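Below are the chains, spelled out letter by letter.
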Amino acid sequence: DQQVKQNSPSLSVQEGRISILNCDYTNSMFDYFLWYKKYPAEGPTFLISISSIKDKNEDGRFTVFLNKSAKHLSLHIVPSQPGDSAVYFCAAMTGYSSASKIIFGSGTRLSIRP
Amino acid sequence: EAGVAQSPRYKIIEKRQSVAFWCNPISGHATLYWYQQILGQGPKLLIQFQNNGVVDDSQLPKDRFSAERLKGVDSTLKIQPAKLEDSAVYLCASSLDATGISIRNTIYFGEGSWLTVV
């Protein structure tokens, strides 16, 4: 049962344009969402997050939007830069106990072309 | 600040052999995670430790996988005997604590240990 879904395995965007990565989830108990970025041969690194009490969080070129009614979130990168080429994982958490764990999507490979 | 250290980075073994991976979390981090990432998939949690106690090992294939964190610091993940489908990257991660909203985005991953079973 895949609770966090990233239906686009890959995305190609021209440098300078907007990149939009999408993520859907099924568990309405998720209350915190994260995006991780992963370069080849490296571990994932935290990029940006959003709590379920918000619908938008912005950090520089990165903005995450949350639509709870649709159980959908998206990551916008604008303007896209060559260094943004990586695999992006959407992830979700629930609860605040020591048993809280992160559920990851399958990732979207973003390629920024000149 | 030193990051999460993992070794070995790469390992190739034959099926039915055994392998062990080591992880040293960031100093002071109470929570340690082992994830399995199969090519084309997202990381899947295998086991989560809080200090030296197991918090969640519901997705650990206990017939062949084992993990320990005896002194609440570094950890080892063992696979014995290995199967072809165990080929994956094994990611170790750590965080100060799993509780509290202020630290929920401070989970740091190591570079991973790449396992190929042939």
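See the structure shown above.
How each quantity is defined
- Residues numbered from 1 in each chain as written.
- Chains lettered and ligands numbered in written order.
- Predicted model: local features only at pLDDT ≥ 70, side-chain atom pairs only at ≥ 80, totals over all residues.
- Heavy atoms only, no water.
- Salt bridge = Lys/Arg side-chain N within 4 Å of Asp/Glu carboxyl O.
- Buried < 20%, exposed > 50% of the residue type's maximum accessible area, 1.4 Å probe, protein only.
- Helix = DSSP H or I, 4+ residues; strand = E, 2+ residues; numbered from the N terminus.
- Lys, Arg positive; Asp, Glu negative; His and termini not counted.
- Polar contact = N/O pair within 3.5 Å; in protein donor to acceptor, adjacent residues only side chain to side chain.
- Contact = heavy atoms within 4.5 Å.
- Core = buried A, V, L, I, M, F, W, Y, C linked by side-chain atoms within 4.5 Å.
- 1 Å grid on protein atoms, 1.4 Å probe; cavity = no way out; pocket = protein on both sides within 12 Å on 5 of 7 lines; lining within 4 Å.
- Points joined across faces, edges and corners; volume = space filled by probe spheres on them.
- Disulfide = S-S within 2.5 Å.
- Buried area = accessible area lost by both parts, 1.4 Å probe.
- Nonpolar A, V, L, I, M, F, W, Y, C, P; charged D, E, K, R; others polar.

This part covers the pattern of salt bridges. Counting across every chain of the model gives 6 salt bridges over all chains. Glu-58 of chain A is the salt-bridge partner of Lys-56 of chain A, the closest N and O atoms lying 4.0 Å from each other. Classification of Lys-56 of chain A by relative accessible area gives partly exposed; the value is 43%. Taking the shortest distance from any N to any O, the salt bridge between Asp-57 of chain B and Lys-62 of chain B comes out at 3.7 Å.

So, on to the side chain of Lys-38 of chain A. Looking at where Lys-38 of chain A falls in the secondary structure, it is placed in strand β4 (residues 32–38). Although Lys-38 of chain A lies buried, it forms no salt bridge, and the closest oppositely charged side chain, Glu-42 of chain A, sits 8.0 Å away as judged by the N-O distance. A distance of 3.0 Å separates the side chain of Lys-38 of chain A from the backbone oxygen of Glu-42 of chain A, its partner in a polar contact. With residues near it in sequence (within four places) discarded, Lys-38 of chain A still touches Gly-43, Pro-44, Ala-86, Val-87 and Phe-89 of chain A together with Gln-37 of chain B.

Mapped onto the elements of the fold, Gly-43 of chain A is located in the loop between β4 and β5 (45–51). Exposure remark for Gly-43 of chain A: the relative accessible area of 7% places this residue in the buried category. It is 27 Å that separates the C-alpha atoms of Gly-43 of chain A and Lys-71 of chain A, two residues lying 28 residues apart in sequence. What Gly-43 of chain A contacts, discounting residues up to four positions off in sequence, is Lys-37 and Lys-38 of chain A together with Leu-91, Phe-109, Gly-110 and Glu-111 of chain B.

A separate point is the nonpolar core. All names here are of chain A. Judged by nonpolar contacts, the single largest core of 24 residues is most densely connected at Phe-33, Trp-35, Leu-73, Leu-75 and Tyr-88. Among the elements that line this core, the one with the most residues is strand β9 (residues 86–93), at 4 residues. With sequence-adjacent residues up to four places away left out, Leu-73 is seen in contact with Leu-21, Asn-22, Cys-23, Tyr-25, Phe-33, Trp-35, Val-64, Phe-65, Leu-66 and Cys-90.

The subject of this paragraph is the layout of surface pockets. Empty space within the largest pocket amounts to approximately 520 Å³. Taken together, 28 residues form the lining of the largest pocket, with Lys-38 and Arg-109 of chain A together with Gln-37, Leu-39 and Gly-40 of chain B sitting closest to its centre. Those elements that provide at least two residues to the lining of the largest pocket are β9 and β11 (108–113) of chain A together with β2 (10–13), β9 (88–95) and β11 (113–117) of chain B.

Let us now look at the state of the cysteines. Residue and element names in this part refer to chain A. Scanning the entire structure with this criterion turns up 2 disulfides over all chains. A sulfur-sulfur distance of 2.0 Å marks the disulfide that ties Cys-23 to Cys-90. In this structure, the disulfide formed by Cys-23 and Cys-90 twists by about -75° around the S-S bond and is classed as left-handed. Of this pair, Cys-23 sits in strand β3 (residues 19–25) while Cys-90 sits in strand β9, placing them 67 residues apart in sequence. Its relative accessible area of 1% is what places Cys-90 among the buried residues.

Counting from both sides, the interface comprises 25 residues of chain A and, opposite them, 27 residues of chain B. Between chain A and chain B, the buried area comes to about 2100 Å², and carbon and sulfur atoms account for 57% of it. On inspection of chain A and its partner chain B, the count reaches 1 residue pair in polar contact (both at pLDDT 80 or more). Looking at the side of chain A that touches chain B element by element, the count peaks at 4 residues for β4 of chain A. Split into classes, the residues belonging to the side of chain A that touches chain B amount to 12 nonpolar, 9 polar and 4 charged.

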